Amino acid sequence: MSKYYGWGLPFNASANGAAIDRLIYGIHGIMFVLFIGWLTFLVYTLIRFRARPGHQAAYKVHHFKAPTYLEVSVALIEVLLLVGFSFPIMNHVKNQFPNEAGALKIHVVAEQFAWNIHYPGADGVFGKTRQDLMGSDNPVGLDPSDPHAADDIVTINQLHIPVNKPIIINLTSKDVIHSFFLPVMRVKQDAIPGDLIPLWMEANKTGDFEIACAQLCGLGHYRMRGFFSIHTQEDFDKWLKDNAPAPAAAPVAPAV
Amino acid sequence: MNHASHAHPLPFWRKYIFSMDHKVIGVQYAVTSLLFLFFGFGLISLLRWQLAFPSQPVPFIGQFFNDTQMVGGIMLPEFYNQLGAMHGTIMVFLGVVPLAVGGFGNYLVPLQVGAPDMAFPKLNMMSYWVYFIGGIVMLCSFFVPAGAAQSGWTSYPPLSDVAPLGQTVWLIGMVFLITSSLLGSVNFIVTIVQLRAQGLTFFKMPFFVWAQFVTSFLLLLAFPPLEAASVMQLMDRLAGTSFFLPSGLVVGGQPLAHTGGGNPLLWQHLFWFLAHPEVYVLILPALGIVAEIIANNTRKPIYGYKVMVFATIFLGFMSFVVWAHHMFLTNMGTSMSSFFQITTMIISIPSVVILTALILSLWGGSIRFNTPMLFAVAFLPMFGIGGLTGLPLGLTASDIHLHDTYYVIGHFHYVVAPGTIFALFAGIYFWFPKVTGRKLSEFLGKLHFWPSFIFINGIFMPMFILGLAGVSRRLYSPEYAHAQAVQPLNVFISYCAWGLGLAQIPFILNFVISLFAGKKVDSNPWESTTLEWQTTSPPPHENFEHEPVVLHGPYEYSVPGQKKDFLPQNMREN
Ligand code: HEM
Ligand SMILES: [Cu+2]
Ligand SMILES: [Cu+2]
């Protein structure tokens, strides 16, 4: 695994990730330059104006022009970061959802301490879910009487997606607030009970990674770890076929 | 004021325990909160064992814990979460705020404005005792069944609504602490507005008083929403309401019996509406302390005093419109997030102004490097790191990856630990002679400063790397692959944390020894200009023999043509 992770940002397998990474590294560049500038000035000042025999403090405050320029340029940099980077990225991520027709739709239902992943199956339609049916053998409460439910795939902690295809995820939680974090996709979104939150992403590399929980959700928060695999389209189709429920099986058995 | 007290000396318990003298109350606050700071630090030092050496028994001290906390010396996740949540709560509400405001503010504000006491001495006494009860309640929460609060210092529902009993105790404790702060803030505002000595116009007040003034408004306006929210959460837990519980919750496989219809995000809005201004409550008094010490030890006026005052006021206003930048990932719309990104960027400007002014204040000075000054100078770059690293967190796009990781922990600790805590230490070294008439040892002071400076950076700098790598906060054990990759850093951080603990030994020794055997000094050992130094050390009851009349601004150092290089605020030019 360590080929994907180390010091610095994790491996990026997302089409949206590069822009975010550029922003993060860019800001750190700016911060570094500003800080080194400050620090150099500070150290120089401390040495030059140290108390010593014969040295006198100046009552009249020296008026600098530079701070005004510094202030203005900091403000301009912030405007640039907002308008040039953060706003457009957020607009892309939040508002420019891919066309549903060409996308794979998935429901993710978080619970203490697992990720329940719900695929609509071959018919492309999610079966109805009911809260009163939720239980350990039916984690999302799929209603067996709904014909659309028959081919649905429900997994626990197993998120599989195809590469180069937009994915639309609807995220919610059964119990407390969790946060759905795919480090390699630069995706993180709180899962809030009572809210169904849409998000989208598109992978551009294949591999086996992780889902993490980023919001304290109880004593098992640290082990709310899921597997996340990005397949080629062929492998993904095969995975779907292998995990499709047997035609007559009434209760949907979760694949673990 | 109370002239009877001169004639009849008060009994011991009225003079030192239930005292109404702001100086005694200030010392009570300072000592209590210092003890809480060390306790809160102890909690996190214990927690750091688990992070460095996951699920290995804690050597030696492991045996003293019961089996809901540790089993065979191995820390349980429940207990780990208690340590984290209580560390945060104790550091913020029982440590830093009471020390900065209750301790330094109480002791110094009446002296610096030339008043005989606070405006409402009884209220002042009450605010200390309400704080004290709140603290005891918080401590007791460790001993209730299933232990103390474990839902983070932020206590997000629904988790906190369904958490064990400790959360109820936490909420009751919070109600006391909030009430105490409210009582205190009213007192400060009235004292500063009403009791300034003759001639002390607002723009002749020391910057420290300004900082306390703005801080008090923040406390006064920000705490009531949290008080309301805490009571609502209590009702959710005890009275069957569901302010923060939406319909249809299934917890542990069982539908939760509750009415539903609530919203967990309501808590977050109320909480952060307090907790963001709270950040400025943690740093403004620190900036005030640093400004006083820098002016004194550069022997020159501070740079841009008025600009700093206006920046502080502006900061105070803005701190009420940035709260939702803690909630970027709760699925707010882009127009909402844009608004909060913009306000967050705007609030950084006055912060940069204040920090720049403090750095430029050094220019042209004749800088003495005594212990208070070392802490004050070290504050500047470290506080700067804290401020700068807020930038990527304030932009939603970069916050997606960094939110709720160790990057956040690194960022705000640089603000409050290498930042505020260093300023508070600076203040203790600086004003100790005023309170006791004795000086802390310079040698032990430097032995405290240098290791602390090194270790504290060793703790918090690597946290940025952990955060960039994606390691979440509040993780009991680094199970994730991306956490494994940076685990050696956790070991390093823990050693530095324990080193920081050891580095406090010279401070404790210094404090205790100097109390009894420190070098005796006269009333103004740092040759300072502000009013608290123009009376005896310690100051008498009612502070000044004669009410001072203020003639000058607060930082008249190295005035040309004067015999000495400082001109006290109430002294005529010669
Ligand atoms: C100087 C020594 C300090 C050290 C070594 C330290 C260390 C830590 C660490 C490692 C965490 C993360 C715990 C986790 O991931 O579960 C943490 C959390 C926290 N710390 Fe500190 N800290 C220090 C001082 C302070 C101070 C002075 C304050 C406040 C003024 C503070 C406030 C907090 C808060 C609010 C949290 C979040 C707690 C939560 O997750 O609910 N800390 N600290
Ligand atoms: Cu979770
Ligand atoms: Cu979690």
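These remarks concern the structure in this document. (Residues numbered from 1 in each chain as written. Chains lettered and ligands numbered in written order. Predicted model: local features only at pLDDT ≥ 70, side-chain atom pairs only at ≥ 80, totals over all residues. Heavy atoms only, no water.)

Turning next to the overall build of chain A. When helices and strands are counted, chain A shows 3 helices and 10 strands. Ordered by position from the N terminus, the helices and strands of chain A form the series α-α-β-β-β-β-β-β-β-β-β-β-α. If one aligns the C-alpha atoms of chain A with their principal axes, the spans along those axes are about 95 × 35 × 35 Å. Going through the 256 residues of chain A one by one, you find that 51% of them count as buried. Within chain A, contacts between residues separated by at least 24 positions form 68% of all contacts whose residues are at least 6 apart in sequence. Carbon together with sulfur atoms contributes 62% to the accessible area of chain A, which is approximately 11,700 Å² in total. When the 20 positive and 22 negative side-chain charges of chain A are each reduced to one mean point, those points stand 17 Å apart. (Helix = DSSP H or I, 4+ residues; strand = E, 2+ residues; numbered from the N terminus. Buried < 20%, exposed > 50% of the residue type's maximum accessible area, 1.4 Å probe, protein only. Contact = heavy atoms within 4.5 Å. Areas by Shrake-Rupley, 256 points an atom, 1.4 Å probe, with all protein chains shown as cover. Lys, Arg positive; Asp, Glu negative; His and termini not counted. Charge placed at Lys NZ, Arg CZ, Asp CG, Glu CD.)

Residues and elements named next belong to chain B. Contact geometry for helix H14 (residues 406-436) and helix H18 (residues 505-517): axes closest at 12 Å, N-to-C directions at 10°. One element, H14, and the other, H18, form an angle in the roughly parallel class. Residues Phe425, Ile428, Tyr429, Phe432 and Thr436 of H14 form the contact with H18, whose participating residues are Phe507, Asn510, Phe511, Ser514 and Leu515. When its residues are assigned to classes, the contact of H14 with H18 shows 7 nonpolar, 3 polar and no charged. (Axes fitted to C-alpha atoms, helices over the stretch in contact; angles between N-to-C directions. Parallel < 35°, antiparallel > 145°, perpendicular 65-115°, else oblique. Nonpolar A, V, L, I, M, F, W, Y, C, P; charged D, E, K, R; others polar.)

A few words on the sheet that holds strand E1 (residues 104-111) of chain A. Residues and elements named next belong to chain A. Reading across the sheet, the 5 strands line up as E3-E2-E1-E5-E8 and stay open at both edges, with mixed pairing between neighbours. Only two strands of the sheet have a single partner each, and these edge strands are strand E3 (153-156) and strand E8 (197-202). Each neighbouring strand pair of the sheet contributes to a mean axis angle of 25°, computed without reference to strand direction. Pairing analysis gives 6 bridges linking strand E5 (residues 166-173) to E8, with the strands arranged antiparallel. Within E8, the position partnered with Ile169 by the bridge is Leu199. Along the sheet, helix H3 (residues 233-243) makes contact with E1, strand E2 (114-119) and E3, crossing E3 at roughly 95°. (Pairing = 2+ DSSP bridges.)

The copper ion (ligand 3) binds to the protein through Cys213 of chain A (SG), Gln215 of chain A (O), Cys217 of chain A (SG) and His221 of chain A (ND1); the donor distances cover 2.0 to 2.4 Å. Sequence spacing among the residues donating to the copper ion (ligand 3) works out to C-x1-Q-x1-C-x3-H. (Donors = N, O, S within 2.8 Å, 3.2 Å for Na, K, Ca; no water.)

Neighbouring ligand 1 are 25 residues, the closest being His87, Trp153, Tyr406, His413 and Arg474 of chain B. Between ligand 1 and the protein, one listed contact pairs an oxygen atom with a side-chain N or O atom of Tyr406 of chain B at 2.6 Å. (Near = heavy atom within 4 Å. Polar contact = N/O pair within 3.5 Å; in protein donor to acceptor, adjacent residues only side chain to side chain.)

So, on to helix H17 (residues 487-502) of chain B. Across its 16 residues, H17 of chain B extends 23 Å between first and last C-alpha, which sits within 8% of the 22 Å expected from 1.5 Å per residue. Buried residues along H17 of chain B sit against helix H3 (22-52), helix H15 (442-468) and helix H16 (481-484) of chain B. (Expected span 1.5 Å × (residues − 1).)

Below, the discussion takes up the environment of Gln56 of chain A. Looking at where Gln56 of chain A falls in the secondary structure, it is placed in the loop between helix H1 (17-48) and helix H2 (66-95). Judged by its relative accessible area of 61%, Gln56 of chain A is exposed. In contact with Gln56 of chain A, not counting residues within four places along its chain, are Gly364 and Ser366 of chain B.

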